Amino acid sequence: MAIEDLISSVPTGLWIGGEERQAASTFNVLDPSDDQVLATVADATAADAVAALDAACAVQAEWAATAPRKRGEILRSVFEKITENADDIAALMTLEMGKVLAESKGEVTYGAEFFRWFSEEAVRIAGRYTPAPAGAGRILVTKQAVGPCYAITPWNFPLAMGTRKMGPAFAAGCTMIVKPAQETPLTMLLLAKLMDEAGLPKGVLSVLPTTSPGEVTTALIDDGRLRKLTFTGSTGVGKSLVKQSADKLLRTSMELGGNAPFIVFDDADVDAAVDGAILAKMRNGGEACTAANRFHVANAVREEFTEKLVKRMSEFNLGKGIDPASTLGPLINSKQVSTVTELVSDAVSRGATVAVGGVAPGGPGNFYPATVLTDVPADARILKEEVFGPVAPITGFDTEDDGVAAANDTEYGLAAYVYTRSLDRALRVAEGIESGMVGINRGVISDAAAPFGGIKESGFGREGGSEGIEEYLDTKYIALTR
């Protein structure tokens, strides 16, 4: 489909109760490769948020009472609808977020999988029936839908960060309001339209693009009818939302910032480690909470690893994501370019060396090249802060304990990567690393069938796997007389 036709096929109003509605004001969505306007979309207000919650509450009981098999079949239909429209969704995502087409196509496959996975989990919501220990009665435990949910999703994965929340919510019988990031609302609006075509009942999903997230969020959190808040984004914002939600004691799940270590031990297959490093660092152009943020490499293999990583990073072709020749697209906006530039400059000022890249090309668009920093000192900010860009800072270590200590030297605990040929070491280190997820000899760990989430200041709660649906279920105990 031509770009103009693709953009024109996307709803640009608010999506409330399964219908497109106009708003009092609008805002522009920009192409990060040249900052040109892609589309103008409706700008939701607090009043619109209440209207969306009205729609969710109106159908909540009916949706929760819908047979699990029926809910699962609808989710399966959504999976098929996304798959049928994969090329268009990927192109739209690339246009508004910037990632190259291959990355967008990968996200469509990954994002759709949450609907297929949870279509199967919908019929496996379990409880238990047991005798009371005293023998006087029976204990019946059942699970019920939490109720209306509010999901706040980020710009870096415009499809998958929504489907990872919607899949389990809908499978559990919950309705949901989604607030996509201001930078990338088009993918979620197109998804809402496709879900409606796939048979999702009216009111089960609403989508509220907005430039006033505080007002919209406050209106929903303060309304006693909302029962669940799920957020993916920065740790700072997540902390504020948890505090704000406390007055209503909302169920919350928080998928927050990361500072993933990538540890290469002296017995590792260096070529495999470099392959994994490229995947872990450069997926999504480095704009991922699971991206390898710092590379701790055993000094015995550090020179070899660095030389090979520099060669691979120098081969990335920077350009517009929609261009098939590009292998690295722009960052999301000029602010992110400034952040990456500042972190690299800080490291260099403290003694780090730029082995490749390191300078934004300037000109139109928000581009930053694939970059490797060597001899990065321990006090460099880039080892402490989430870079969210295509920069790989490398440091060395001598002993296993040193490597684990370096990996754990952060307030974050989302993902970690370990390369070693020793199974004993792999298990020992994986257990010792303070992280919710650990990849052993692999650079991509996300899987719809696995629980995704972190510890420490990377948040709480899990998305995906059999654990993911529990976030949207309340446990009810029924005492039965014998």
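Residues numbered from 1 in each chain as written. Predicted model: local features only at pLDDT ≥ 70, side-chain atom pairs only at ≥ 80, totals over all residues. Heavy atoms only, no water.

A. Representation of the overall build of the protein. The helix and strand inventory of the protein stands at 15 helices and 20 strands. In terms of overall size, the protein behaves like a compact globule, its C-alpha atoms giving a radius of gyration of 23 Å where 482 residues would be expected to give roughly 23 Å. Principal-axis analysis of the C-alpha atoms gives the protein an extent of 70 × 65 × 40 Å. Put simply, the protein has 482 residues, and 56% of those count as buried. Of the side chains in the protein, 45 bear a positive and 63 a negative charge, and the two mean positions are spaced by 7 Å. (Helix = DSSP H or I, 4+ residues; strand = E, 2+ residues; numbered from the N terminus. Rg over C-alpha atoms; globule rule 2.2 N^0.38 Å. Buried < 20%, exposed > 50% of the residue type's maximum accessible area, 1.4 Å probe, protein only. Lys, Arg positive; Asp, Glu negative; His and termini not counted. Charge placed at Lys NZ, Arg CZ, Asp CG, Glu CD.)

B. The arrangement of the nonpolar core in detail. Counting 63 residues, the largest nonpolar core has Phe115, Met166, Phe170, Met176, Met195 and Leu205 as the members making the most contacts within it. Looking at this core, the element that brings in the most residues is helix α7 (residues 186–197), giving eight residues. Among all residues touching methionine 176, those that are not within four sequence positions of it are Cys149, Ala151, Lys165, Met166, Ala169, Phe170, Val204, Leu205, Ser206, Thr230 and Tyr472. Formed by 43 residues, the second largest nonpolar core is a distinct cluster that contains Ala268, Cys289, Ala392 and Ala416. (Core = buried A, V, L, I, M, F, W, Y, C linked by side-chain atoms within 4.5 Å. Contact = heavy atoms within 4.5 Å.)

C. Here's a closer look at the sheet that holds strand β16 (residues 391–397). Read from one edge of the open sheet, seven strands run β14-β15-β16-β13-β12-β17-β18, paired in mixed fashion. This sheet does not close on itself; its edge strands, each paired only once, are β14 (353–356) and β18 (437–440). Between one strand axis and the next, the sheet turns by 25° as a mean value, whatever way the strands run. Where β14 meets strand β15 (residues 371–374), three bridges bridge the pair, whose relative direction is antiparallel. Following the sheet pairing, threonine 353 is matched in β15 by threonine 374. (Pairing = 2+ DSSP bridges. Axes fitted to C-alpha atoms, helices over the stretch in contact; angles between N-to-C directions.)

D. Up close: the layout of surface pockets. Considering only enclosed or pocket space, the largest pocket measures out at about 960 Å³ in volume. Lining the largest pocket are 36 residues, with Pro154, Trp155, Gly233, Ser234 and Val237 sitting closest to its centre. Contributions of two or more residues to the lining of the largest pocket are made by α8 (213–221), β10 (228–232), α9 (235–245) and α12 (334–349). It is α9 that provides the largest number of residues to the lining of the largest pocket, a total of five residues. Its volume calculated, the second largest pocket comes out at about 270 Å³. (1 Å grid on protein atoms, 1.4 Å probe; cavity = no way out; pocket = protein on both sides within 12 Å on 5 of 7 lines; lining within 4 Å. Points joined across faces, edges and corners; volume = space filled by probe spheres on them.)

E. Expanded view of the sheet that holds strand β20 (residues 473–481). Read across the sheet, three strands follow the order β5-β6-β20 without closing on themselves; strand pairing throughout is antiparallel. Every other strand in the sheet has two partners, leaving β5 (128–131) and β20 as the edge strands with one partner each. Within this sheet the neighbouring strands show an average axis-to-axis angle of 20°, counted without direction. Here β5 runs beside strand β6 (residues 137–145); their pairing, made up of four bridges, is antiparallel. Bridging from a neighbouring strand, arginine 128 pairs with valine 141 of β6.

F. Molecular detail of the pairing of strand β13 (residues 292–298). Most of β13 is tucked away, with seven of its seven residues classed as buried. Direction of pairing for strand β12 (residues 260–264) relative to β13: parallel, over a ladder of five bridges. Residue pairing for β13: isoleucine 263 is matched across the bridge by histidine 296. What joins β12 to β13 is helix α10 (residues 270–282), and the crossover it makes is right-handed. As defined by bridge partners, β13 adjoins β16 across four bridges and the pair is classed as parallel. (Right-handed = clockwise from strand over helix to strand, strands pointing away.)

G. Inspection of the pattern of salt bridges at higher detail. Going through the model one piece at a time under the given rule, you end up with 31 salt bridges. Measuring nitrogen to oxygen at the nearest pair gives 2.7 Å for the salt bridge that ties aspartate 271 to lysine 308. In this pair, aspartate 271 is assigned in helix α10 and lysine 308 in helix α11 (residues 299–313), connecting sequence segments 37 residues apart. The exposure class assigned to aspartate 271 is partly exposed, which follows from its relative accessible area of 43%. Taking relative accessible area as the criterion, lysine 308 reaches 29% and is therefore assigned partly exposed. (Salt bridge = Lys/Arg side-chain N within 4 Å of Asp/Glu carboxyl O.)

H. Summary view of α11. Across its 15 residues, α11 extends 21 Å between first and last C-alpha, which sits within 8% of the 21 Å expected from 1.5 Å per residue. Where α11 bends most, at phenylalanine 305, the angle is about 25°. Among all positions of α11, only Val301, Phe305, Thr306, Leu309, Val310 and Met313 are buried. Along its buried surface, α11 packs onto β12, α10, β13, β14, β15 and β16. (Expected span 1.5 Å × (residues − 1). Bend = angle between axes of the 7 residues up to and from the residue.)

I. Region of the structure containing the side chain of threonine 184. By secondary structure assignment, the location of threonine 184 is in the loop between β8 (176–179) and α7. What threonine 184 contacts, discounting residues up to four positions off in sequence, is Glu96, Met97, Pro154, Trp155, Pro158 and Ile332.

J. Main features of the packing of helix α3 (residues 68–84) against helix α5 (residues 101–121). At a minimum axis distance of 7 Å, the contact between α3 and α5 shows a crossing angle of 165°. With respect to each other, α3 and α5 are oriented roughly antiparallel. Every pair of crossing elements has a handedness; the one defined by α3 and α5 is left-handed. Within the contact between the two elements, α3 uses Gly72, Leu75, Arg76, Val78, Phe79 and Ile82 and α5 uses Val108, Ala112, Glu113, Phe115, Arg116, Phe118 and Ser119. Across the contact of α3 with α5, the residue classes tally to eight nonpolar, two polar and three charged. (Parallel < 35°, antiparallel > 145°, perpendicular 65-115°, else oblique. Left-handed = near helix turned anticlockwise from the far one by under 90°. Nonpolar A, V, L, I, M, F, W, Y, C, P; charged D, E, K, R; others polar.)

K. A nonpolar patch on the surface, seen in detail. Together, Tyr129, Ile478 and Leu480 make up a nonpolar patch on the protein surface, roughly 260 Å² of accessible area in all. Topologically, leucine 480 is positioned in strand β20. Judged by relative accessible area, leucine 480 falls into the partly exposed class, the value being 33%. (Patch = residues over 30% accessible without salt bridge, like charges linked within 9 Å, V, L, I, M, F, W, Y side chains within 5 Å. Areas by Shrake-Rupley, 256 points an atom, 1.4 Å probe, with all protein chains shown as cover.)

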